[in-house]
Amino acid sequence: MKFEKRFEGELNATGLVSMMGLMNKEIGSGGYVALEKIIGEIGAKKGTFYLQHSSVMLRGIPKQTITVVPDTGTNELKGIKGEMVIDIIDGQHFYTFNYEF
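Here goes a summary of the coordinates provided.

This brings us to the nonpolar core. Membership of the largest hydrophobic core comes to 14 residues, with the highest contact counts inside it found for Leu11, Ile38, Ile42, Phe49, Leu51, Met84 and Phe97. Residue contacts for phenylalanine 49: discarding those within four places in its chain leaves Glu36, Lys37, Ile38, Ile42, Val68, Thr72, Gly73, Leu77, Ile80 and Phe97.

Pairing geometry for strand 2 (residues 11-24) and strand 3 (residues 29-42), over 14 bridges, is antiparallel. Considered in strand 3, the bridge of alanine 13 is made with glycine 40. Taking the residues that link successive antiparallel strands as the turn, the strand 2-strand 3 hairpin has four residues, and the phi of glycine 28 there is positive, at about 75 degrees. Examined bridge by bridge, strand 3 and strand 4 (residues 45-58) share 13 bridges and lie antiparallel to one another.

What counts and what doesn't
- Residues numbered from 1 in each chain as written.
- Predicted model: local features only at pLDDT ≥ 70, side-chain atom pairs only at ≥ 80, totals over all residues.
- Heavy atoms only, no water.
- Core = buried A, V, L, I, M, F, W, Y, C linked by side-chain atoms within 4.5 Å.
- Buried < 20%, exposed > 50% of the residue type's maximum accessible area, 1.4 Å probe, protein only.
- Contact = heavy atoms within 4.5 Å.
- Pairing = 2+ DSSP bridges.
- Helix = DSSP H or I, 4+ residues; strand = E, 2+ residues; numbered from the N terminus.

What follows is the structure, given as structure tokens:
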């Protein structure tokens, strides 16, 4: 599937996501992979970069890896490195993005 999402805060950006996944809702196990193009700004720095998602859920317990794809930063975001964590609380997604240049 393809979709767009919006980040607000220090990361003020749009994410364009291409994702493939599967889920066994009866037992709460599944997984997904995705590539996400981030377009926007971090603080006052503007540009784009890509995130690679690889996540699994084993009977309701998530294990995720969401990493900045190396050397994909453009313009003022050139050289960005980092990881993102998604916490899902009451069906709502909350994002923590740890990064450095």
